[in-house]
Amino acid sequence: QLQASGGGLVQAGGSLRLSCAASGRTFSDYTTAWFRQTPGKEREFVAGITGSGGSTYYADSVKGRFSISRDNAKNTAYLQMNSLKPEDTAVYYCAARSTLLLAVRPTLYSFWGQGTQVTVSS
């Protein structure tokens, strides 16, 4: 089970940190990612991190502004979002898959959190 939190309303240029808390499994066995979705659009990959935390991957649209990390001792993954833009406004979801490989397709992730709303005002 995944529980996402940390969303909210922020002005453009501001920062937010999202958290994804996992329960019930060995968290380090799972590659974890963040996706986002706006109404009428497909769910979009944002960032991913392998179970060990040794590899990360970012969508071009967030590279240099967002940072994904994890603390396996706390069974939690994070998405630090800096220099936020209005186009970052979306519902953000955390997801996990039980392999060592990162993936950008949402259909390759078996476990999903409930989503947290991020709104960036101009």
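**Focus: the overall build of the chain**
Phase 1: The secondary structure content of the chain amounts to zero helices and 11 strands.
Phase 2: Taken from the N to the C terminus, the helices and strands of the chain come in the order β-β-β-β-β-β-β-β-β-β-β.
Phase 3: Structurally, the chain occupies a C-alpha span of about 40 × 30 × 25 Å along its principal axes.
Phase 4: A burial count over the chain gives 43% of its 122 residues as buried.
Phase 5: Within the chain, counting contacts between residues at least 6 apart in sequence, those at least 24 apart form 58% of the total.
Phase 6: For the chain, the exposed area adds up to about 6,200 Å²; of that, 48% sits on carbon and sulfur atoms.

**Digging into the packing of aromatic side chains**
Phase 1: The tally for this structure, following the rule as stated, stands at seven aromatic pairs.
Phase 2: On the numbers, 5.6 Å between centres and 80 degrees between planes, the contact of phenylalanine 35 with phenylalanine 45 is edge-to-face. Separated by 10 residues along the polypeptide, phenylalanine 35 in strand S4 (residues 31–37) and phenylalanine 45 in strand S5 (residues 44–49) bring together distant segments of the chain. The same class applies to phenylalanine 35 and to phenylalanine 45, which are both buried.
Phase 3: Geometrically, the ring pair formed by phenylalanine 45 and tyrosine 57 is tilted, given 5.9 Å between the ring centres and 35 degrees between the ring planes. On the criterion of sequence distance, the pair formed by phenylalanine 45 in strand S5 and tyrosine 57 in strand S6 (residues 56–58) is long-range, its members being 12 residues apart.
Phase 4: Among the residues examined, phenylalanine 45 registers a relative accessible area of 9% and is labelled buried.
Phase 5: Ring-pair connections join several aromatic residues into one group, and the members of that group are Phe35, Phe45, Tyr57, Tyr93, Tyr109 and Trp112.
Phase 6: For arginine 43, the ring lying beneath its charged end belongs to tyrosine 93, and the centroid distance is 3.7 Å.

**Examining unusual backbone geometry**
Phase 1: Its identity as a non-glycine residue notwithstanding, asparagine 75 has a phi of 55 degrees, on the positive side.
Phase 2: Relative to the assigned elements, asparagine 75 resides in the loop between strand S7 (66–71) and strand S8 (76–81).
Phase 3: Overall, asparagine 75 belongs to the partly exposed group, its relative accessible area being 24%.
Phase 4: Here the phi dihedral of serine 83 falls at roughly 50 degrees; this positive angle occurs in a residue that is not glycine.
Phase 5: By secondary structure assignment, the location of serine 83 is in the loop between S8 and strand S9 (90–97).

**Quick word on empty space enclosed by the protein**
Phase 1: According to the stated counting rule, one finds one cavity of 30 Å³ or more in the structure shown.
Phase 2: Reported here for the largest cavity is a volume of approximately 80 Å³.
Phase 3: Tallied by class, residues from the lining of the largest cavity come to six nonpolar, two polar and one charged.

How each quantity is defined
Residues numbered from 1 in each chain as written. Predicted model: local features only at pLDDT ≥ 70, side-chain atom pairs only at ≥ 80, totals over all residues. Heavy atoms only, no water. Helix = DSSP H or I, 4+ residues; strand = E, 2+ residues; numbered from the N terminus. Buried < 20%, exposed > 50% of the residue type's maximum accessible area, 1.4 Å probe, protein only. Contact = heavy atoms within 4.5 Å. Areas by Shrake-Rupley, 256 points an atom, 1.4 Å probe, with all protein chains shown as cover. Phe/Tyr/Trp six-rings, centres within 6.5 Å; stacked < 30°, edge-to-face > 60°. Lys NZ or Arg CZ within 6 Å of the ring centre and 35° of its normal. 1 Å grid on protein atoms, 1.4 Å probe; cavity = no way out; pocket = protein on both sides within 12 Å on 5 of 7 lines; lining within 4 Å. Points joined across faces, edges and corners; volume = space filled by probe spheres on them. Nonpolar A, V, L, I, M, F, W, Y, C, P; charged D, E, K, R; others polar.

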